[in-house]
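Fold and geometry: a report
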Amino acid sequence: MIDTPNSDPNKKKTKRIVLGVWIVVAFYYFYVSYDYIRTEMNDDRMAAYAHYVVQLAAAEARTPKEVRALLLVKADELHIPLKPEHIKVLGSGPGLKVSLAYDVNIDVPIFQYGFYSKHYEHNVSY
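Summarised in this report is the structure supplied together with it. In this text the structure is predicted, and so the values were computed from the model without any measurement. (Residues numbered from 1 in each chain as written. Predicted model: local features only at pLDDT ≥ 70, side-chain atom pairs only at ≥ 80, totals over all residues. Heavy atoms only, no water.)

**Considerations on helix α2 (residues 64-77)**
Rule in force here: Secondary structure elements are taken from DSSP: a helix is a run of H or I of four residues or more, a strand is a run of E of two residues or more, and numbering for both begins at the N terminus. Helix span, as expected, comes to 1.5 Å for every residue beyond the first. Buried, partly exposed and exposed residues are distinguished by accessible area as a fraction of the type maximum, computed with a 1.4 Å probe on protein chains only: under 20%, between the cut-offs, and over 50%, respectively. The reported arc concerns the directions from the helix axis to the C-beta atoms and nothing else. The contact criterion used is simple: two residues touch if any of their non-hydrogen atoms lie within 4.5 Å.
Taking 1.5 Å per residue, 14 residues should reach 20 Å; α2 reaches 20 Å between its end C-alpha atoms and fits that length. What α2 keeps buried is the set Val67, Leu71, Lys74 and Ala75. All buried residues of α2 project into a common sector of 100° when viewed along the axis, lining one side. More than 90 degrees from the buried face of α2, the exposed residues found are Lys65, Val73, Asp76 and Glu77. For α2, the elements touching its buried residues are α1 (9-60), β1 (87-90) and β2 (97-106). Following α2 by one or two positions, His79 has its phi on the positive side, about 60°.

Below is the structure:
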């Protein structure tokens, strides 16, 4: 009887299990990568918007309350967990300075909480 490499049913099961494990690992990798990239892109958009708001608010002498409200609306739109206490607005007009600091959890499938949290800080002045 000739022994062929694919004739053993245990080897086929082992190959299928290994393939399944690799598929699960690839799924986790791509899901976490996607969430990380999405988070980075949203942070870039938030930083650009913060620069825009500071330029606009300084030129139009907006109040700190208005600046904070504009930033919170954009953060909500981008699904960024920014709270009013994370925004510091100092000065007005040409001396306007805005500071944002927040943490974003990177989601991992199946688990209810994130294993990885990314901290972002933006300091913008006119």
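Once the structure has been displayed, the description carries forward.
**What to know about unusual backbone geometry**
Even without a glycine there, the phi angle at Ala61 is positive, about 55°. Relative to the assigned elements, Ala61 resides in the loop between α1 and α2. By relative accessible area, Ala61 is classed as exposed at 56%. Not every positive phi belongs to a glycine, and His79 is a case in point at roughly 60°. Mapped onto the fold, His79 is located in the loop between α2 and β1.

**Focus: the environment of Gly95**
Position of Gly95 among the secondary structure elements: in the loop between β1 and β2. When the C-alpha positions of Gly95 and Val54 are compared, they lie 10 Å apart, and in sequence the two are 41 residues distant.

**A look at the pattern of salt bridges**
The condition is simple: Put simply, a salt bridge is a Lys or Arg side-chain nitrogen that is within 4 Å of an Asp or Glu carboxyl oxygen.
Per the stated rule, a full pass over the model turns up 4 salt bridges. When the shortest N-O distance is used, the salt bridge between Glu40 and Lys118 registers 3.8 Å. In this pair, Glu40 is assigned in helix α1 and Lys118 in strand β3 (residues 116-125), connecting sequence segments 78 residues apart. Note that Glu60 and Arg62 form a salt bridge whose closest N and O atoms lie 2.8 Å from each other.

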